[in-house]
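A structural walkthrough
These are the residues of each chain, in order.
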Amino acid sequence: MAIRNEEQTAVLLLVNPKLSLASIKGEWRKTTRILENRLPNPVQAAVVIKGRVSWRSIGNPVDPSTLQQMAEQERPENEITLSRPDYEAEVLKVLLNCWLQSEAKYKEFLKSADTSSSEDEWKNSGFYTKEELSGMVGCSYRTLEKYLLKLGEAIDRRGNKGLRLRFFPKDAFMRVLVLADHSRSTLKYTSNSLNSRSIDSLTGRLKRLNRSDIAIGGVTGSMQYLPQLNITGAPRLDISVHAPEGHAETDFVRKLDPALKPWVKGDPLPSLCVHFVKSRKAFFWKDSKSQEVWADPVECLLDLHEARLEEQANQFRNAVFDFTENRKISNE
Amino acid sequence: MSELIDPISTLQQITEAVPEECFENITLVGSLAAGVYFHKELSNIGVRTKDADCLITPRVEAVTAGKMIAETLLESGWQMREEGKHGTPGDRETPEGKLPAVRLYPPGRKEWFIELLTVPENTPGAGRSWLRVETEYGHFGLPSFGYISLSSLAPIRFHSGITIARPEMMALANMLEHPVIAPDLMSTAIEGRFIKRSNKDLGRVLALALLAEKHQEDSLLSWPEIWTMACTELKLQDHLRSREYQPGDGIRTLLSPRNAPDFDEAYHSCVYGLLQALSPRETDLRTAGERLIVDAVEPFEEYIQNS
């Protein structure tokens, strides 16, 4: 939000607001009624979303291109605005993570996780109320219900106790997979140096940043859950960034290696892929020994598919997501 | 155009010629020292240089050690370099600023020459000054300047001979010496081009960073700690904090897209100097500079501000 002067007119500029346009217009009507004749100069408002003017108050004399320039100046360096969350994907990812967390096998994977601060998150049986789930996704109750219905019999509903996944919903996951690049706003980087940094170097640097909102995924992350993953080494580093507010800064990429530049078609394969987790809650966890922050298995699985490591993705999915107990339930 | 010099055999030759009792006083600095340290990265091909700069420390012993080294070499048939302004030894009447430096060619060779330097008295970043050395062959001067004292800290003993300066220390000395790109040109051309002294020295910093990364991945991350210890040792913190410029401002200026001609000069001095054996692309040298800023300069500047 910013106030700028433009030929004696104060302009309230809202850049990528979280409120809907209808709400803003409503609030603006109320505000102008209160301010009417109380200010020496007229006050106008404008909304810029993703670099384009979406609304200007009636009589606003500032032309759209000037407003767009002003919005651009307001943006912190290296901050990017992400596409709106794909709630179908976010709902499924949250359900999968909640389901996994209730499994003994998953707890085994996380022996070294630093969970002392969030003990309650690890104790339940995997059943969550819709209120809890919509809070974790960051969507409305109605939106949640819409996508729960789409998941059909994959949802195990237990009345007041809540709901959880009954089995791994392969078809729904495939839909998420197809749109994953867009829904996760993936950014790819390649090194312009002949002396490219190794994955170990990049992960070491990430650790030094000490950021709890950035987690290691991809092959490196998957091997935390499945050390026997059939691959000799990570071809690139995949990281997940928690960005529930719809925007994120990418200055940390420079800290990993200033030689990393945005990847364009025709470049050598990317050496770094950054994916954004847009749900309100991220299921990252910190290894208490190594202090590394790891992405959840769902992000790791998506990363393996995105890297076209289909054999490894299938191996990972079978090992991590197909539990004996769930097979039993799904066969009932 | 000068020939490629093998740094290892040059160091060996100097070690054999210099009196053993002076080993503790002498440190090889400059591109030959870098060439010795990074001989594997330079594929043992060598570096393009004319001078083997040897720093005599401590300053209180510089006159005695300088005299002993100069006399020993001249007695062994090393020849004074006669090219340039001050080609003959001075005498008692010669003002210090006009004294010739000790610049000597090995017997029967003209590919390179040894040059003796010393460290400044106290003031860090001071301009060039001369310390008189009286020998049987006449009077010479030992030049000292800027932050060269940093190059003498924690040197590395190569085999059992004289020591070589640490690359990170030479980089820091050069970086602090040039917080801006000054217009002064080098007195001699590098492959046909007269380039700015600042661009040559700052280019050297980038070359050292490039070689260090090639030597060992992530090695630049260790530089700020070593720089910090050096500043504590020389009590440089207050001085650096009081300067108008940040320690890395010269490098930033060089890397700025607005200063492409300066960067080109720096690149030219590297590919026809220390990095001739590698022939890096301009992008690689620039990347080395950007990595240096992130890994070493920014943490060091933070330390200076907060110390």
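Residues numbered from 1 in each chain as written. Chains lettered and ligands numbered in written order. Predicted model: local features only at pLDDT ≥ 70, side-chain atom pairs only at ≥ 80, totals over all residues.

**A closer look at the overall build of chain A**
When you go through chain A residue by residue, the secondary structure sums to 14 helices and 15 strands. Relative to all contacts within chain A whose residues are 6 or more apart in sequence, the contacts with residues 24 or more apart total 72%. (Helix = DSSP H or I, 4+ residues; strand = E, 2+ residues; numbered from the N terminus. Contact = placed C-beta atoms within 7 Å.)

**Some thoughts on the overall build of chain B**
When you go through chain B residue by residue, the secondary structure sums to 10 helices and 11 strands. Over its C-alpha trace chain B gives a radius of gyration of 19 Å, about what one expects of a compact globule, namely 19 Å for 307 residues. The principal-axis extents of the C-alpha atoms in chain B amount to approximately 50 × 40 × 40 Å. The proportion of buried residues among the 307 residues of chain B is 47%. (Rg over C-alpha atoms; globule rule 2.2 N^0.38 Å. Buried ≥ 20, exposed ≤ 12 C-beta atoms within 10 Å, placed from the backbone.)

**Here we look at the nonpolar core**
Membership of the largest hydrophobic core comes to 86 residues, with the highest contact counts inside it found for Leu28(B), Ala33(B), Leu206(B) and Ala209(B). Tallying contributions element by element places helix 5 (residues 197-215) of chain B first for this core, with nine residues. Both domains that furnish three or more residues to this core are identified here as domain 1 (4-150) and domain 2 (167-306) of chain B. Membership of the second largest hydrophobic core comes to 65 residues, among which are Ala172(A), Tyr189(A), Ile214(A) and Leu237(A). (Core = buried A, V, L, I, M, F, W, Y, C linked by C-beta atoms within 7 Å. Domains from an automatic or database assignment.)

**Description of the confidence of the model for chain B**
Across chain B, the average pLDDT comes to 92, with 99% of residues at 70 or higher. The ipTM for the predicted assembly is 0.86, set against a pTM of 0.82. (pLDDT = per-residue confidence, 0-100.)

**Looking at the interface of chain A and chain B**
Between chain A and chain B, the contact holds 12 residues from the first and 10 residues from the second. A per-class count over the side of chain A that touches chain B returns three nonpolar, six polar and three charged. (Nonpolar A, V, L, I, M, F, W, Y, C, P; charged D, E, K, R; others polar.)

**A few points about the environment of Ala52(B)**
Residue and element names in this part refer to chain B. Within the element layout of this structure, Ala-52 appears in strand 4 (residues 51-56). Assessed through the 26 C-beta atoms surrounding it within 10 Å, Ala-52 is described here as buried. Non-local contacts of Ala-52, meaning those with residues more than four positions away in its chain, are made with Thr-10, Ile-14, Leu-28, Leu-32, Trp-112, Phe-113, Ile-114 and Glu-115.

**Concerning the environment of Lys25(A)**
Within the element layout of this structure, Lys25(A) appears in helix 1 (residues 21-35). Distance from Lys25(A) to Arg56(A), taken between C-alpha atoms, is 9.5 Å for residues 31 residues apart in sequence.

**A short note on the packing of helix 3 (residues 87-101) of chain A against helix 5 (residues 130-137) of chain A**
Residue and element names in this part refer to chain A. Following both chains from N to C, one finds helix 3 and helix 5 inclined at 120°, their axes separated by 9 Å at the closest point. Here helix 5 runs oblique to helix 3, going by the angle between their axes. Along this stretch, helix 3 crosses helix 5, giving a crossing that reads as right-handed. For the pair helix 3 and helix 5, the contacting residues are Tyr-87, Glu-90, Val-91 and Val-94 in the first and Leu-133, Met-136 and Val-137 in the second. (Axes fitted to C-alpha atoms, helices over the stretch in contact; angles between N-to-C directions. Parallel < 35°, antiparallel > 145°, perpendicular 65-115°, else oblique. Left-handed = near helix turned anticlockwise from the far one by under 90°.)

**Describing the sheet that holds strand 6 (residues 103-105) of chain B**
Two modes of strand pairing occur in sheets, parallel and antiparallel, and in both the strands are linked by backbone hydrogen bonds. Residues and elements named next belong to chain B. Spatially, seven strands are ordered 5-6-7-4-2-11-10 in an open sheet, and the strand pairing comes out mixed. Edge strands, defined here as strands with exactly one partner in the open sheet, are strand 5 (79-80) and strand 10 (156-157). Alignment of strand 5 against strand 6, held across two bridges, turns out to be antiparallel. When the sheet's bridge partners are listed, Met-80 is paired in strand 6 with Leu-104. Sitting on the sheet, helix 3 (residues 59-75) touches strand 4, strand 6 and strand 7 (113-118), and the angle it makes with strand 7 is about 165°. (Pairing = 2+ DSSP bridges.)

**A closer look at the domain arrangement of chain B**
Residues and elements named next belong to chain B. For chain B, the assigned domains read domain 1 (4-150) and domain 2 (167-306). Look at where the C-alpha atoms of domain 1 and domain 2 centre, and you get two points 23 Å apart. Contact with domain 1, which involves 23 residues of that partner, is made by 21 residues of domain 2. Among the secondary structure elements, those contributing two or more residues to the side of domain 1 that touches domain 2 are helix 2 (31-37) and strand 3 (47-48). Per-element accounting of the side of domain 1 that touches domain 2 gives the leading share, five residues, to helix 2.

**Looking at helix 1 of chain A**
Here helix 1 of chain A contains 15 residues, and its C-alpha end-to-end distance of 21 Å stays within 8% of the 21 Å for a straight helix at 1.5 Å per residue. Positive phi appears at Asn37(A), one or two residues downstream of helix 1 of chain A, with a value of about 60°. (Expected span 1.5 Å × (residues − 1).)

**Quick word on helix 7 (residues 170-178) of chain A**
All names here are of chain A. Within helix 7 the residues assigned to the buried category are Ala-172, Phe-173 and Val-176. Taken down its axis, helix 7 places every buried residue within 100° of arc, on the same side. Exposed and oriented more than 90 degrees from the buried face of helix 7 are Lys-170, Asp-171, Met-174 and Val-178. Where helix 7 is buried, its residues meet helix 3, helix 6 (141-150) and helix 8 (180-183). (Arc of directions from axis to C-beta.)

**Points about the pairing of strand 2 (residues 26-29) of chain B**
Residue and element names in this part refer to chain B. Burial along strand 2 is two-sided: the residues Ile-26 and Leu-28 and Thr-27 and Val-29 are all buried. Looking at chain direction, strand 2 and strand 4 are connected through four bridges and run antiparallel. In the strand pairing of strand 4, Thr-27 is matched with Leu-55. With two bridges joining them, strand 2 and strand 11 (residues 163-164) adopt parallel strand pairing. Each bridged residue has a counterpart across the sheet, and for Thr-27 the counterpart in strand 11 is Thr-163.

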